[in-house]
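Here is what each chain is made of, one letter per residue.
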There are 2 protein chains.
Amino acid sequence: MFNLQNSIPEEIRQKIREGKLKSPTAGMANGFLQANLVILPKDMAFDFLLFCQRNPKSCPLIDVTEAGSFTPVQAAPTADLRSDIPLYNVYRDGKLTETLSDITELWTNDMVAFLIGCSFTFEEALVRNGISMRHNDEGVNVPMYKTSIPTVKAGIFEGPTVVSMRPIAEQDIVRAVQVTSRFPTVHGAPLHIGHPATIGITDLDKPDYGDRVTIKEGEVPVFWACGVTPQAISAHVKPPFMITHAPGHMFITDIPTETVGVM
Amino acid sequence: MFNLQNSIPEEIRQKIREGKLKSPTAGMANGFLQANLVILPKDMAFDFLLFCQRNPKSCPLIDVTEAGSFTPVQAAPTADLRSDIPLYNVYRDGKLTETLSDITELWTNDMVAFLIGCSFTFEEALVRNGISMRHNDEGVNVPMYKTSIPTVKAGIFEGPTVVSMRPIAEQDIVRAVQVTSRFPTVHGAPLHIGHPATIGITDLDKPDYGDRVTIKEGEVPVFWACGVTPQAISAHVKPPFMITHAPGHMFITDIPTETVGVM
């Protein structure tokens, strides 16, 4: 059987490209960065690149292609961004219109692709430090919330920051901050610790995306900036045309996680 | 007398704007980030923003304005980038044509300004760690060299990486790496330690920019990516129009250095 956990990224991408692998990518190619995808027409690309530059915690850029290129030269030079993700979402005027396993037919020469860091990577680092992920233990998606923390506007792009939440035992909070601070390209340190109301979250049991998880006695909710932010922003801005990955179906890069750790 | 070392950035910028202060900014407003300036027309801005994103060690972005705006909203919201730098260089077709203390008359609505981190900041951190800067001790400019390390191409922008060199005592090298690694927004960790020939430098006594410095017995040349890279690239690419700061005459931001330190 094909061992996805220890396979190298190129092999997994090849299987995805051939249509033999259509599942979410969590747990695949351990030790390599996975990324969110956003594809926009060139005339919106400067504004979106500026938006990412101004909002590095929610939109940490891993790679950006030049207009017309579907090859992420820095992140995975043998990849094809039109076919190497298991599932894509196509949005027109801010509305999801199609979900496809290949977007080669939609690709045009004025498109720019953005790869944005994904929290799978820092979760792996937390787990290696003995801090388990409740949503994994409960077999659900991580809970995500729109907050009252505004993103920094750039051109047409503006709107709320989305955060993901993980319950962390009080005695592990310092270590969780240290571990995730090492990885600024996958959202980095938490945005907030402990008081959901302060950042505009009224009910932890009702996430805006993903699923609720249990918070046990002695645990504190810790919030990280989330790569779903661009999708929430787009729902707000309604760009005429945009393609993203489908949630959980990420792009697997050739970049070893440890090479992007700072100190 | 006006104490420049301990003045707040806004006061210094005000004096520069009024034409009362025209000197290089080294040593002013200790504890605040200083920045390199690059101004380009909007039609080259996406390529240059992409260039910075792909070359974060030589071109770490501190702030980018939207087309037509001369206000660096993140770095210094009360500043005016047309007048708050002591001296500007104007380039046409890659050639330096004017050196001006104010560029208000040249500013148009399609210009985008980029602020890029400056090594003054990490030098301050090294000195605080007991590692003195030879070029300061000898009262000259830091030596800078074009290298054989290529930058990552983005659109029209490509060319060699420029590095600055500081002699570091053998026993201080580890600490120098640690201290500068904390500050990725001002070039971060060294690009190379010890062997100039490996990165295409044939004679340390003949820098391409700045001045030669003495390397003493027991010291090793250590090389950091340098903010002069965009100017070297531009000499190579020859954009029709570009404005930069004049060397040493930097933009002083409101950003406290410690707030951009990682871990």
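Residues numbered from 1 in each chain as written. Chains lettered and ligands numbered in written order. Predicted model: local features only at pLDDT ≥ 70, side-chain atom pairs only at ≥ 80, totals over all residues. Heavy atoms only, no water.

**Q** What am I meant to see in the side chain of Thr229 of chain A here?
**A** With respect to the helices, strands and loops of the structure, Thr229 of chain A is situated in helix H6 (residues 229-237). Once residues lying within four places of it in the same chain are set aside, the contact partners of Thr229 of chain A are Ser58, Thr151, Pro160, Thr161 and Val162 of chain A. (Helix = DSSP H or I, 4+ residues; strand = E, 2+ residues; numbered from the N terminus. Contact = heavy atoms within 4.5 Å.)

**Q** How do you make sense of the sheet that holds strand S8 (residues 192-193) of chain B when you look at a structure like this?
**A** The pairing of strands in a sheet comes from backbone hydrogen bonds and takes either a parallel or an antiparallel form. Residue and element names in this part refer to chain B. In space, the 4 strands of this open sheet follow the order S6-S7-S9-S8, with antiparallel pairing throughout. Looking at strand neighbours, the two that pair on one side only are strand S6 (144-150) and S8, the edges of this open sheet. Pairing of S6 with strand S7 (residues 160-169), which is carried by 4 bridges, proceeds in the antiparallel orientation. When the bridges of S7 are listed, Tyr145 appears paired with Val163. (Pairing = 2+ DSSP bridges.)

**Q** Hey, could you run me through the side chain of Ser164 of chain B in this one?
**A** Residues and elements named next belong to chain B. Summarising the element assignment, Ser164 is placed in strand S7. Within the structure, the side chain of Ser164 is placed 2.7 Å from the side chain of Arg166, a separation counted as a polar contact. Ignoring any residue separated from it by four or fewer positions in sequence, one finds Ser164 in contact with Val142, Pro143, Met144, Val222, Phe223, Trp224 and Cys226. (Polar contact = N/O pair within 3.5 Å; in protein donor to acceptor, adjacent residues only side chain to side chain.)

**Q** Explanation requested: the relation of the copies chain A and chain B in the structure shown.
**A** Look at the two chain copies: a rotation about an axis and a shift along it is all it takes to match them. Rotating chain A by 180° and moving it 0.0 Å along the rotation axis overlays it on chain B with an RMSD of 0.0 Å. Here the two chains are linked by the operation of a two-fold rotation axis. Rotation axis and chain A: the residue whose C-alpha lies nearest the axis is Phe46 of chain A, separated from it by 2.5 Å. Mapped onto chain B, 100% of the interface residues of chain A again fall at the interface, so both copies present the same surface. (Least-squares fit on C-alpha atoms with pLDDT ≥ 70 in both.)

**Q** In this structure, what is going on with the domain arrangement of chain A? I would like to understand it.
**A** Reports often express the size of an interface as the amount of accessible area lost when the parts come together. All names here are of chain A. Each domain of chain A was delimited in the assignment, giving domain 1 (9-118 + 237-260) and domain 2 (120-230). The centre of domain 1, based on its C-alpha atoms, is set 22 Å off from the matching centre of domain 2. Of the residues lining the interface, 32 residues belong to domain 1; the matching set on domain 2 comes to 27 residues. Interface area for domain 1 against domain 2, summed over the two sides, is near 2500 Å², with a carbon-plus-sulfur share of 63%. Together, Phe51, Lys57 and Cys118 form the three largest contributors to the area buried by domain 1 at its contact with domain 2, with a combined 25%. At the junction of domain 1 with domain 2, the criterion picks out 2 salt bridges. Across the pair Arg182 and Glu258 runs a salt bridge whose closest N-O atoms are separated by 3.4 Å. Summed over the shared surface of domain 1 and domain 2, the result is 11 residue pairs in polar contact (both at pLDDT 80 or more). For the side of domain 1 that touches domain 2, the elements supplying multiple residues, two or more each, are strand S1 (32-41), helix H2 (42-54) and strand S5 (111-117). Looking at the side of domain 1 that touches domain 2 residue by residue, the classes come out as 18 nonpolar, 10 polar and 4 charged. (Domains from an automatic or database assignment. Buried area = accessible area lost by both parts, 1.4 Å probe. Salt bridge = Lys/Arg side-chain N within 4 Å of Asp/Glu carboxyl O. Nonpolar A, V, L, I, M, F, W, Y, C, P; charged D, E, K, R; others polar.)

**Q** Where do I start with the packing of aromatic side chains in this structure?
**A** Two measures describe an aromatic ring pair: the distance that separates the ring centres and the angle between the ring planes. In the structure shown here, the tally under the stated rule is 14 aromatic pairs over all chains. Relative to Phe114 of chain B, the ring of Phe48 of chain B has its centre 4.8 Å away and its plane inclined at 80°; by these criteria the two rings are edge-to-face. In this pair, Phe48 of chain B is assigned in helix H2 (residues 42-54) and Phe114 of chain B in strand S5 (residues 111-117), connecting sequence segments 66 residues apart. Above the face of the Phe70 of chain A ring, Arg82 of chain A is positioned so that its terminal group lies 3.5 Å from the ring centre. (Phe/Tyr/Trp six-rings, centres within 6.5 Å; stacked < 30°, edge-to-face > 60°. Lys NZ or Arg CZ within 6 Å of the ring centre and 35° of its normal.)

**Q** Any chance you could explain H2 of chain B here in plain terms?
**A** Working note: α-helix, 3.6 residues per turn, so residues spaced by three or four point in the same direction. Along its 13 residues, H2 of chain B runs 19 Å from first to last C-alpha, staying within 8% of the 18 Å computed at 1.5 Å per residue. What H2 of chain B keeps buried is the set Met44, Ala45, Phe46, Asp47, Phe48, Leu49, Leu50, Phe51, Cys52, Gln53 and Arg54 of chain B. (Expected span 1.5 Å × (residues − 1). Buried < 20%, exposed > 50% of the residue type's maximum accessible area, 1.4 Å probe, protein only.)

**Q** Even after reading the chapter, I still don't get the environment of Asp102 of chain A, so can you show me in this structure?
**A** All names here are of chain A. Its place among the elements puts Asp102 in the loop between strand S4 (95-100) and S5. Residue classification places Asp102 among the partly exposed positions, given a relative accessible area of 34%. Remark: the alpha-carbon pair of Asp102 and His236, spanning 134 residues in sequence, is separated by 26 Å. Those residues in contact with Asp102 that sit more than four places away from it in its chain are Arg82, Ser83 and Tyr88.

**Q** Could you clarify how one ought to interpret the pattern of salt bridges in this entry?
**A** Pairing between side chains of opposite charge can happen when the charged atoms of each approach one another. Counted according to the given criterion, the structure contains 26 salt bridges over all chains. Salt-bridge contacts for Asp84 of chain B lead to Arg17 of chain B; the nearest nitrogen and oxygen are separated by 2.8 Å. Residue Asp84 of chain B is located in the loop between strand S2 (61-64) and strand S3 (88-92), and its partner Arg17 of chain B is located in helix H1 (residues 9-17); the two are separated by 67 residues in the primary sequence. On the basis of relative accessibility, which here comes to 0%, the residue Asp84 of chain B falls in the buried class. One salt bridge in this structure joins Glu98 of chain B and Arg92 of chain B, with 3.0 Å as the shortest N-O distance. The exposure class of Glu98 of chain B is partly exposed, given its relative accessible area of 25%. Here the salt bridges share partners, and the residues they tie into one network are Glu124, Arg128, Arg182 and Glu258 of chain A.

**Q** What's the story with unusual backbone geometry in this structure? I'm lost.
**A** Keep in mind that most residues, glycine aside, have a negative phi and that most peptide bonds are trans. Not every positive phi belongs to a glycine, and Asp93 of chain A is a case in point at roughly 50°. Relative to the helices and strands, Asp93 of chain A resides in the loop between strand S3 (88-92) and S4. With relative accessibility at 52%, the residue Asp93 of chain A sits in the exposed group. For Ala29 of chain B, which is not glycine, the phi dihedral falls at a positive 50°. Secondary-structure assignment places Ala29 of chain B in the loop between H1 and strand S1 (32-41). The buried category is assigned to Ala29 of chain B, whose relative accessible area is 1%.

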